[in-house]
Amino acid sequence: MAENAYKSAGVDVEAGYESVRLIKDDVKKTAIEGVIGGIGGFGGLFEVPKGYENPVLVSGTDGVGTKIRIAFLLDKHDTIGRDCVAMCVNDIACSGAKPLFFLDYIAIGKNVPEKVAEIVKGVADGCVLAGCALVGGETAEHPDLMPADEYDVAGFSVGVVEKSKITDGTNAKAGDVLIGIASSGVHSNGYSLVRKVFGLNDDNAKETLDTYSEELGKTIGEELLTPTRIYVKPLLKLIDEVGIKTVSHITGGGFIENVPRMLPDGLKAVIKKGTWEILPIFDLMQKKAGIPERDMYNTFNMGIGMIVAVDADKADAAVKCLEAAGEKAYIIGELAGGEKGVEIVSDNGVIK
């Protein structure tokens, strides 16, 4: 009687059980050394790795933002979880940490087990790419609080790094070279502006997303739903094989807000426009909406998802290491003495 009463209030307990059943195989494929037990307990268990003299735990939490509305409009839900993982583990890797485990939280208007399974599949795919375990999560059905066909996804991850190897920019100096690692597209930031540029709040939003773009070589929707690139393994490989001074994940706020976060006082980053490929989606949006150039760099990643600083004599080795790991990498600038900040320089001077 109580279960039926709960269902009449909008929460389907049986659907929750079915969701758990459907995701078990995807969760299982993320298991790595250190995982204790499986899903279904009250807490996810993970053994602290051995071999560290002074291990420091690094944590990160994030969501996907309004990119999730693209998934609603296209009724495609198997990659949005991967975005969620990327936003958390890429941040953790910026400290030089290896992500250990991940937990997700899905708030959904109505629990449709097949939809939840698609979302969690994306989370599991992201965890495999990052080399971490999906040790738990929560799916909360929210009738009357959100529309039945909508949901939100958030994640939380913990990683570990040897204290002496934290990449905090302490040893960065003028003359260090900046290496940019290519993005896969817009990633998961700036979508409030993206949706405004393409009119995705209008009645014909689905038609717009299904429109093929010659500039992009795919539909608008395919481009905008491209998953955020996960840089964990290539970045950790670079740290081990070449060494880096400091690193920045280019997320919300683009270059202007994120690059200074990688710098100690007394250093600025000088980045030369034209040293990497600005992806067609950014040129398309700028032309379509007449967005000022500085605003583009203050909102989007412009084709660069990560920026690392290395010794000048290691720059070529860093690029080769990243390329061997499957990434596109470019020498895009250097560190210089001055007030902490970033200058984006074109042939016409500093972009302002």
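Note that the structure is a prediction, hence the values are computed from the model and not measured.

Conventions and cut-offs
- Residues numbered from 1 in each chain as written.
- Predicted model: local features only at pLDDT ≥ 70, side-chain atom pairs only at ≥ 80, totals over all residues.
- Heavy atoms only, no water.
- 1 Å grid on protein atoms, 1.4 Å probe; cavity = no way out; pocket = protein on both sides within 12 Å on 5 of 7 lines; lining within 4 Å.
- Points joined across faces, edges and corners; volume = space filled by probe spheres on them.
- Helix = DSSP H or I, 4+ residues; strand = E, 2+ residues; numbered from the N terminus.
- Nonpolar A, V, L, I, M, F, W, Y, C, P; charged D, E, K, R; others polar.
- Patch = residues over 30% accessible without salt bridge, like charges linked within 9 Å, V, L, I, M, F, W, Y side chains within 5 Å.
- Areas by Shrake-Rupley, 256 points an atom, 1.4 Å probe, with all protein chains shown as cover.
- Salt bridge = Lys/Arg side-chain N within 4 Å of Asp/Glu carboxyl O.
- Lys, Arg positive; Asp, Glu negative; His and termini not counted.
- Charge placed at Lys NZ, Arg CZ, Asp CG, Glu CD.
- Buried < 20%, exposed > 50% of the residue type's maximum accessible area, 1.4 Å probe, protein only.
- Phe/Tyr/Trp six-rings, centres within 6.5 Å; stacked < 30°, edge-to-face > 60°.

Visitor: How should the layout of surface pockets be read in this particular structure?
Guide: Empty space among the atoms becomes apparent when a probe as large as a water molecule is rolled across them. Of the pockets and cavities examined, the second largest pocket occupies roughly 270 Å³. Around the second largest pocket, the lining is made up of 15 residues, and of these C94, V247, S248, H249 and R261 lie nearest the centre. By residue number, the principal contributor to the lining of the second largest pocket is strand β10 (residues 246-249), which donates four residues. Residues of the lining of the second largest pocket, tallied by class, amount to four nonpolar, seven polar and four charged.

Visitor: I tried to follow a negative patch on the surface on my own but got confused; where do I start?
Guide: Residues D75, E114, E118 and D149 make up a contiguous surface patch of negative charge. Looking at where E118 falls in the secondary structure, it is placed in helix α5 (residues 113-130). Relative accessible area serves as the criterion here: at 31%, E118 is assigned to the partly exposed category.

Visitor: Looking at this model, I keep getting lost on unusual backbone geometry. Mind explaining?
Guide: Only a minority of non-glycine residues have a phi that is not negative, and only a minority of peptide bonds are not trans. Despite not being glycine, D75 shows a phi value in the positive range, around 50 degrees. Of note, D75 is situated in the loop between α3 (68-74) and α4 (80-93). Even without being glycine, M302 reaches a positive phi, approximately 60 degrees. Structurally, the position occupied by M302 is in the loop between α12 (293-297) and β12 (304-310).

Visitor: Would you mind going over the packing of aromatic side chains with me for this structure?
Guide: Within a pair of aromatic rings, the relevant descriptors are the distance that separates the centres and the angle that separates the planes. A complete count under the given rule lists five aromatic pairs for this structure. Arranged with centres 5.4 Å apart and planes meeting at 80 degrees, the rings of F255 and Y297 form a pair that is edge-to-face. Here the residue F255 occupies a position in helix α10 (residues 254-258), and Y297 occupies one in helix α12, the gap between them amounting to 42 residues. We classify F255 as buried; its relative accessible area is 0%. Residue Y297 is classed as buried on the basis of its relative accessible area of 1%. With a centroid separation of 5.8 Å and an interplanar angle of 45 degrees, the aromatic rings of F282 and F300 are classed as tilted. With F282 in helix α11 (residues 280-289) and F300 in the loop between α12 and β12, this pair connects stretches of sequence that are 18 residues apart. When its relative accessible area of 0% is taken as the criterion, F282 is described as buried. Ring pairs connect the aromatic residues F255, W276 and Y297, which therefore count as one cluster.

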